[in-house]
Protein chains: 2
Amino acid sequence: MAKLENYRKIITQILEKHAQHKPSHGEIEPLLLCDPITDNYLLLDTGWDKTGRVHYVVLHLRIVGEKIWIKSDGTERGIAL
Amino acid sequence: MAKLENYRKIITQILEKHAQHKPSHGEIEPLLLCDPITDNYLLLDTGWDKTGRVHYVVLHLRIVGEKIWIKSDGTERGIAL
């Protein structure tokens, strides 16, 4: 369990770090969702930019069987479509 | 606070109900994320179908200022793209 608690702590730190980076374009708010019951951790960008409504999963990590799974990684994408 | 607790309970019930509906196509798992700290509640479909990788926000609800905000609603969409 100590291993899992450590994983949860590390994941939350990573997502919190990413959440500090508010996109410079549009009016976009980073939202952090941490669910230690289902062990899913997600960072969303939501708001508006010149393309319209933004609702984009930046990063989704999940702990399954004492391993961290990257369910979705949009951190390398330059712009929100 | 009783009002907020009631909202959280209702939202969780709605998402749990939707999460019971596993798509009939592909290998898709509904994932529920409830974060009562940031008051964000999200249902994701993740997995694979014939179009490839599926990572789709079915429903995203958030409580802000004692109101429930529908941040994203994909429940009316017939197929996962």
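Below: a short report on this structure. These figures come from a predicted structure and were not determined experimentally. (Residues numbered from 1 in each chain as written. Chains lettered and ligands numbered in written order. Predicted model: local features only at pLDDT ≥ 70, side-chain atom pairs only at ≥ 80, totals over all residues. Heavy atoms only, no water.)

So, on to the interface of chain B and chain A. Facing 19 residues of chain B, the contacting portion of chain A comprises 19 residues. Interface area for chain B against chain A, summed over the two sides, is near 1500 Å², with a carbon-plus-sulfur share of 55%. Interface area lost by chain B to chain A is led by L33, H55 and K71 of chain B, which between them contribute 31%. For the salt bridge of R62 of chain B with E29 of chain A, the shortest nitrogen-to-oxygen distance reads 3.3 Å. In this structure, the connection of chain B to chain A is made through 10 residue pairs in polar contact (both at pLDDT 80 or more). Counting residues per element, the ones that place at least two in the side of chain B that touches chain A are β1 (27-35), β2 (40-49), β3 (52-64) and β4 (67-73) of chain B. The biggest single contributor to the side of chain B that touches chain A is β1 of chain B, with six residues. Counted by class, the side of chain B that touches chain A contains eight nonpolar, six polar and five charged residues. (Contact = heavy atoms within 4.5 Å. Buried area = accessible area lost by both parts, 1.4 Å probe. Salt bridge = Lys/Arg side-chain N within 4 Å of Asp/Glu carboxyl O. Polar contact = N/O pair within 3.5 Å; in protein donor to acceptor, adjacent residues only side chain to side chain. Helix = DSSP H or I, 4+ residues; strand = E, 2+ residues; numbered from the N terminus. Nonpolar A, V, L, I, M, F, W, Y, C, P; charged D, E, K, R; others polar.)

Here two copies of a chain appear, and what relates them is a rotation about an axis with a shift along it. Overlay of chain B on chain A (RMSD 0.0 Å): rotation 180°, translation along the axis 0.0 Å. The superposition operator between the copies reduces to a two-fold rotation axis. Among all C-alpha atoms of chain B, that of D35 of chain B lies closest to the rotation axis, at 2.8 Å. Most of the interface of chain B is mirrored in chain A: 100% of its interface residues are interface residues there too. (Least-squares fit on C-alpha atoms with pLDDT ≥ 70 in both.)

What follows is about the pattern of salt bridges. Overall, the coordinates contain eight salt bridges over all chains when judged by the stated rule. Salt bridges here are not isolated pairs; linked through shared partners, they connect E5, R8 and D39 of chain A.

Residues and elements named next belong to chain A. Taken across its nine residues, strand β1 (residues 27-35) has seven buried, putting it largely inside the fold. Of the pairings in the sheet, the one linking β1 to strand β2 (residues 40-49) comprises nine bridges and is antiparallel in character. Bridging from a neighbouring strand, C34 pairs with Y41 of β2. Connecting β1 to the antiparallel partner β2 that follows it, the hairpin turn spans four residues, and D39 within it adopts a positive phi of roughly 55°. (Buried < 20%, exposed > 50% of the residue type's maximum accessible area, 1.4 Å probe, protein only. Pairing = 2+ DSSP bridges.)

Take the packing of aromatic side chains next. Taken as a whole, this structure holds zero aromatic pairs over all chains when the rule is applied. A cation over an aromatic ring shows up here: R53 of chain A above the ring of W48 of chain A, its NZ or CZ 5.6 Å from the ring centre. (Phe/Tyr/Trp six-rings, centres within 6.5 Å; stacked < 30°, edge-to-face > 60°. Lys NZ or Arg CZ within 6 Å of the ring centre and 35° of its normal.)

A word on the sheet that holds β4 of chain B. Residue and element names in this part refer to chain B. What the four strands build is an open sheet, ordered β1-β2-β3-β4; its pairing is antiparallel. Taken across any chain shown, the strands that pair with only one partner, and hence form the sheet edges, are β1 and β4. On average, each strand axis in the sheet is tilted by 15° relative to the strand beside it, whichever way the strands run. Sheet analysis places β3 next to β4, joined by six bridges and oriented antiparallel. Pairing of R62 across the sheet is with W69, part of β4. (Axes fitted to C-alpha atoms, helices over the stretch in contact; angles between N-to-C directions.)

All names here are of chain A. Strand order in the open sheet formed by four strands is β1-β2-β3-β4, with antiparallel pairing between adjacent strands. On the outer flanks of this sheet lie β1 and β4 (67-73), each paired with one strand and no other. Along the sheet, successive strands turn relative to each other by an average axial angle of 15°, direction set aside.

These figures capture arrangement, not role.
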